[in-house]
Amino acid sequence: MEHIRTPKVEQVKLLDRFSNKSVTGTLHLTATHLIFVESNSTSAQEIWILHHHIASVEKLSLTTSGCPLLIQCRNFRLVHFVIPRERDCHDIYSSLLRLLRPVSYDELYAFSYNPKQNDQQREEGWQLIDLAAEFERMGVPCDQWQLTDVNREYKVCKTYPRDVYVPITASKPIIVGSSKFRSKGRFPVLTYFYQEKKAAVCRCSQPLSGFSARCLEDEHMLQAISKANHNSRYIYVMDTRPKLNALANRAAGKGYENEDNYSNIRFQFVGIENIHVMRGSLQKLLEGVGTRSLSMTDYLVGLENSGWLRHIKAIMDAAIFLAKAVTVEGASVLVHCSDGWDRTAQVCALGSLLMDPYYRTIKGFMVLIEKDWISFGHKFADRCDQLDPDPKEVSPIFTQFLECVWQLTEQFPQAFEFSEWFLIQIHEHVHSCQFGNFLGNSQRQREDLQLKERTYSLWAHLLSENQNYLNPLFSPSFAESHPVLEPSTQAYHFKFWRNMYNQYDRSMHPRQSILKHVLTLQESNRELEGTVQALKTKLQKFGVNTSPLKPQTPPRECSLPPRPQSLILGAPLLSRKEVQQEEDEEVFGEEAREDAPASTGGERTVEGSSATENSYGELMGSFGSKNEPGVVTLEFGVARMTC
Amino acid sequence: MEFAELIKTPRVDGVVLRRPFMPTVEGTLCLTGHHLILSSRQDNTEELWLLHANIDSTEKRFVGSLGTIIVKCKDLRVIQLDIPGMEECLNIASSIEALSTLDSVSLMYPFFYRPLFEVIEDGWQSFVPEESFKDLESMTDEWRLSEVNKDFSVCPSYPSLLTVPRDIDDESLCKAASFRHGGRFPVLSYYHKKNGMVIMRAAQPLTGTNGRRCKEDEKLINATLCAGKRGYIIDTRTIAVAQQAKARGGGFEQEANYPQWRRIHKAIERSNVLQDSLIKLVEACNDQSHSMDRWLSKLEASNWQSNVKEILTTACLAAQCIDREGASVLVHGTEGTDSTLQVTSLAQIILDPACRTIRGFEVLIEREWLQAGHPFQQRCAQSAYSNGKLRSEAPVFLLFLDCVWQILRQFPCSFQFNENLLIMLFEHAYASQFGTFLGNCVAERGKLQLSQKTVSLWSWVNRPQELERFLNPLYEPNNLVIWPSVAPQSLLLWEGVFLRWNRSTKCLDEAYQEMVHIIEYNKELQNKVNSLRRQLAQLETEDKMVADLK
């Protein structure tokens, strides 16, 4: 609290990002949140912004109406306040600057956040995801793969988990030798086992081959991976980098596998760009879609120039290559990039999700993230800018993974147990630092921080409200007919994810949400089924036997071609959030409070009819004036009304 | 002329049909006067029946003696026919070419088509202007139905009955007509019940370079304003284009002569530009080799989405003037038969819940497109694969349907119909067994005797068996004005039309079925609960009666 000089400022204006609309209210600064409360008593909206979500604060030059403060958030919210007095603005500004740059982990919200659970509940939360059980589910250990204790003390690789799985034939000296030949000691380990063909997906970092160096143990290691799979004579080595980058790395004593030194490998570059390119790309994307009165041309040109969808397609292409090699050819694949914690994580996780329906369920998706991202040391703290920021380390690698999954949900609306709101919620919490899961850069660091004792698990929280994240169209039988997803990678199948990158620009979203509508119906169906049962029991007391309910099987004979091209639409479920809000204000504060007025209105689905909507003064004003075209003001009129 | 003269080879065996995302079919190809038929002569395999009128262009290639004809259709489908035998292939190709480009309207299929269903409700009689006028009369007495255009001499492209302000006599209408392009004087398009504001439409005024004026025209449109009220004139052209039109005798309303009106210029493209846009868009959608960047840049270069945005924005603006500003609107472009109709009809969908029902939407198309004189036959003569010299082809109606689809996407529960209805209308506007979209205006349709000689599309659509396909299961009547977002992020490519033949929709269709199932199951359960409750209540009262008796 010592950083907060002015806890409350009144008469603050909040400007809408895309129109000239503004609302007036009070700004509160707490130790964890920046809160804006609209003064209008009837439909008072509140906006809660977690300090950790703030990516940047900018104080613009003084205007006649006050001092503008521009806040950009990592969850793609952008707020523009105008504070009447310059001094207040400066106080808020400097407090925020301090608050959004925590110097130690202890300052992170997760360490003060308390969802009123006891220690046992907390512990159970952390036990929900069990990676040993996950490997067991895959069929590991088995006659070819075993758990090794070589990294028990994090001695061989500091950024790997303690428990890693390697081929039976890979002895400790081979592992240790191989790890010395790999960047950051990240030697090849198993991440996914495709039981049907006994093919393995392994991951590592680049070899320290330079121009000519070789390492017999590393060659043995790859040989061991190859031998563990009798179905194929060769293994693929996927270098997920563009060839040029890999070549450049050779000069630094790193590089890629020389096919002459490794027997029976098929080497393949797949060309996903590095973290710096991705960071720049997202930046450009957000600049494009954040422009006011954006024209269609500028939008599409901006989308193209950002390269964002190209990168998403590259990741998807790589994952499809991986899935095909494993499921069709039955070959094992070793995936790496430079350090093996960014692109490698993207490709391994997405590839596994294509191959294994389990990862398309809510629980399975958590397991997947826990395995390929958290345990194998994706540097969440650096990439998401949690602490001690180095802007060059920040990059939307994990966001891209979530987006790839979203693109898949668009092509396969029945394949996933969760809806896009689940993905967005995970994204929210990767940056919120409210739960312990994503803190730090590696398992080792998380243990040092005693996260399991001092913080709560996001997964328990998400599971507790999982009905909010269900995809009503999910069909468990889809997994049987499509165990392996084969998405189309035609460019036109990749769409801009408006509900992520413009998620707070509600006016852009469909005014009625099919997702919400169908979820509500499904819930009502469950209640009605109960009612029917209850009524029947009562009737039976009168000695009446009623016909059983028709089984709930969809009529398949329909040959209708109709389809809305996307079923995942619009705003997430809000009604539940309200309930949650009362129970648990701190957790849900941010979203719930903002959404509550809209949802209580009941009619948020049909906008444009509320009396509060401004009629446009410009139009009337322009009547008397003589300036000829009058087009510009009207354009804004429409923009304001409709955008 | 006999069709037989054009068909040199009526039948070829061993023809292979290839279509993306569908199994290849081998069978016999038959040509009839109006259809290209491919049948495998086996049960359970799909036959291809293609109207020659649906064929936009053909290409032929030869590899040895195997000929291949690529048939590109107006509904954007592309199919490939492998025909053994060089001569057969050449004959088939030239027949298709000739049969698909017949000039005479009276040779078109609708004149030969005999329905296999019983016409219960004749679509030709379904929409009578007198009926809608009755509705109007119940709300206001400010308007009258004029027969001034009885013999189509005042305005050839208008219907014979027109709704005009009560106080304007037919003589003034004739004078106003002589001041408007093609005689299209301002007429009523929409009356907003809520506040009595109206949308009128017309063609451009013929001011010319010397600023001609017409007192009757001024009086006519002023007569629609309440005392002390002002209105807006939405000119769908940019000010520059409107200025240029003066040189050709056209122009726009001068402030000095229309002091009660404020003019707004928008920038909806002219029809030839729109046709070019469609050709480019479809080319981009059909090229499977595109990288991400190339696809986005081609999509952008086609300008299609920009056209959608501009049209929708203009319609929102018109609706806004009516509903929010409480001001009446006059809409026109140059001829008043294209962009004008896009704007007035879309504005009605936004404002009037009736237009979002199937019946209301049909009425809207009948009134604002067919009777209002959109030249369907000229505009839809060719589609995206036209490579010949274009005359006046333009996807004006398709753009309107695209805009409706955009609104439907944003308000998925507010429309009684679904995307299928829109796609069906697109298909039938370009090639159909029904006579509805033949001809360019009411007068032409009368001459062709369409209502006697052909079947109306509406006779077919409104049959309960057919209607089912077009119903939106999510529909919940919504009496509010619906304001769509026109942000570029909110406007999507209409995949149901433009990627229809380029993707497999199995997964999407199944998901849709699942959604329909959830909705239907809900209704079923609700009925069940109600009937059980009734049963229980009855038993309880009986029980009580028995107890009372004891």
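Residues numbered from 1 in each chain as written. Chains lettered and ligands numbered in written order. Predicted model: local features only at pLDDT ≥ 70, side-chain atom pairs only at ≥ 80, totals over all residues. Heavy atoms only, no water.

Student: For this particular structure, what's the right way to read the overall build of chain B?
Tutor: For chain B, the helix and strand inventory stands at 19 helices and 14 strands. Over its C-alpha trace chain B gives a radius of gyration of 27 Å, about what one expects of a compact globule, namely 24 Å for 550 residues. Considered along the principal axes of its C-alpha atoms, chain B spans approximately 95 × 75 × 50 Å. Here chain B, with 550 residues, has 61% of them falling under the buried criterion. Sequence separation of at least 24 residues holds for 70% of the intrachain contacts in chain B that already meet a minimum separation of 6. Surface summary for chain B: the accessible area is close to 21,600 Å², and the carbon and sulfur share equals 50%. (Helix = DSSP H or I, 4+ residues; strand = E, 2+ residues; numbered from the N terminus. Rg over C-alpha atoms; globule rule 2.2 N^0.38 Å. Buried < 20%, exposed > 50% of the residue type's maximum accessible area, 1.4 Å probe, protein only. Contact = heavy atoms within 4.5 Å. Areas by Shrake-Rupley, 256 points an atom, 1.4 Å probe, with all protein chains shown as cover.)

Student: Help me out: how do you make sense of the UniProt feature "domain: Myotubularin phosphatase" (unreviewed entry) in chain A in this one?
Tutor: Here the UniProt feature "domain: Myotubularin phosphatase" (unreviewed entry) sits at residues 125–501 of chain A. In this annotation, residues 125–501 of chain A is assigned 46% helix and 9% strand; the end-to-end C-alpha distance for the span is 30 Å. (UniProt positions renumbered as here; feature names shortened; annotations may be inferred.)

Student: What exactly am I supposed to notice about the environment of E86(A) here?
Tutor: Residue and element names in this part refer to chain A. Its location among the elements puts E86 in helix 1 (residues 86–99). Through-space distance from the C-alpha of E86 to that of G66 is 6.9 Å; in sequence the pair is 20 residues apart. In contact with E86, other than residues within four places in its own chain, are K59, L62 and C67. Among the polar contacts made by the side chain of E86, one reaches the side chain of K59 at a distance of 3.1 Å. (Polar contact = N/O pair within 3.5 Å; in protein donor to acceptor, adjacent residues only side chain to side chain.)

Student: Sorry if this is basic, but what is going on with the UniProt feature "active site" (unreviewed entry) in chain A here?
Tutor: All names here are of chain A. Cross-referencing UniProt, the feature "active site" (unreviewed entry) maps to C337 in the present numbering. Looking at the secondary structure, you find C337 in the loop between strand 14 (332–336) and helix 10 (343–355). Every residue in contact with C337, bar those within four places of it in the chain, is listed here: C204, S205, Q206, D239, T240, R241, D342, R343 and T344.

Student: What exactly am I supposed to notice about the sheet that holds strand 3 (residues 33–38) of chain A here?
Tutor: Pairing between the strands of a sheet comes from backbone hydrogen bonds, and it takes one of two forms, parallel or antiparallel. Residue and element names in this part refer to chain A. Read across the sheet, seven strands follow the order 4-3-2-1-7-6-5 without closing on themselves; strand pairing throughout is antiparallel. Both outer strands of the open sheet, strand 4 (46–50) and strand 5 (54–59), are each paired with one neighbouring strand and no more. Averaged over all pairs of adjacent strands, the angle between strand axes in this sheet comes to 30 degrees, irrespective of strand direction. Of the strands in this sheet, strand 1 (8–15), strand 2 (22–29), strand 3, strand 5, strand 6 (67–73) and strand 7 (78–83) are in contact with helix 1, which crosses strand 5 at around 155 degrees. (Pairing = 2+ DSSP bridges. Axes fitted to C-alpha atoms, helices over the stretch in contact; angles between N-to-C directions.)

Student: Help me understand the sheet that holds strand 11 (residues 199–204) of chain A in this model?
Tutor: Residue and element names in this part refer to chain A. Taken in spatial order, the five strands line up as 10-11-14-12-13 in an open sheet, and their pairing is mixed. Each of the sheet's edge strands pairs with one partner strand only, and the pair in question is strand 10 (189–194) and strand 13 (265–269). Here the average twist between neighbouring strands, direction ignored, is 20 degrees. Contacts from helix 9 (residues 308–327) reach strand 10, strand 11, strand 12 (235–239), strand 13 and strand 14, with the element oriented near 175 degrees to strand 12.

Student: Please clarify how the domain arrangement of chain A should be interpreted in this entry.
Tutor: For interface size, the figure often reported is the accessible area lost on association. Residues and elements named next belong to chain A. Entries for chain A in the domain assignment read domain 1 (8–103) and domain 2 (120–502). One C-alpha centre belongs to domain 1, the other to domain 2, and the line joining them spans 36 Å. Taken together, the 13 residues of domain 1 in the interface contact 22 residues of domain 2. The largest share of the area that domain 1 buries against domain 2 comes from F18, R74 and F76, three residues that together contribute 43% of it. (Domains from an automatic or database assignment. Buried area = accessible area lost by both parts, 1.4 Å probe.)

Student: For this particular structure, what's the right way to read the pairing of strand 1 (residues 11–18) of chain B?
Tutor: On a regular strand, one side chain projects to one face of the sheet and the next to the other, so that they alternate. Residues and elements named next belong to chain B. Direction of pairing for strand 1 relative to strand 2 (residues 25–31): antiparallel, over a ladder of five bridges. By the bridge assignment, L17 is partnered in strand 2 with V25. Across three bridges, strand 1 lies against strand 7 (residues 78–84) in antiparallel orientation. Paired with V16 across the bridge in strand 7 is D82.

Student: I tried to follow the UniProt feature "domain: Myotubularin phosphatase" (unreviewed entry) in chain B on my own but got confused; where do I start?
Tutor: Per the UniProt annotation, the sites labelled "domain: Myotubularin phosphatase" (unreviewed entry) are residues 123–498 of chain B. Taken end to end, residues 123–498 of chain B is 44% helix and 9% strand, and its first and last C-alpha atoms sit 29 Å apart.

Student: Is there a simple way to think about the side chain of Q348(B) in this case?
Tutor: Counting through the fold element by element, Q348(B) comes out in helix 9 (residues 339–351). Assessed through its relative accessible area of 0%, Q348(B) is described here as buried.

Student: Would you explain the domain arrangement of chain B in this entry?
Tutor: All names here are of chain B. Taken domain by domain, chain B consists of domain 1 (4–102), domain 2 (129–503) and domain 3 (506–549). Of note, the centres of domain 2 and domain 3, computed from C-alpha atoms alone, are 45 Å apart. Counting from both sides, the interface comprises five residues of domain 2 and, opposite them, five residues of domain 3. Where domain 2 abuts domain 3, roughly 350 Å² becomes buried across the two surfaces, and 69% of that area is made up of carbon and sulfur atoms. Its largest share of buried area at the contact with domain 3, domain 2 owes to P473, L474 and R503, together 90% of the area lost on that side. Inspection of the domain 2/domain 3 interface yields zero salt bridges. (Salt bridge = Lys/Arg side-chain N within 4 Å of Asp/Glu carboxyl O.)

Student: For this particular structure, what's the right way to read helix 14 (residues 420–432) of chain A?
Tutor: With 13 residues, helix 14 of chain A ought to run about 18 Å at 1.5 Å a step, and its terminal C-alpha atoms sit 18 Å apart, in line with that. By the criterion of burial, helix 14 of chain A is predominantly enclosed, with 13 of the 13 residues buried. (Expected span 1.5 Å × (residues − 1).)

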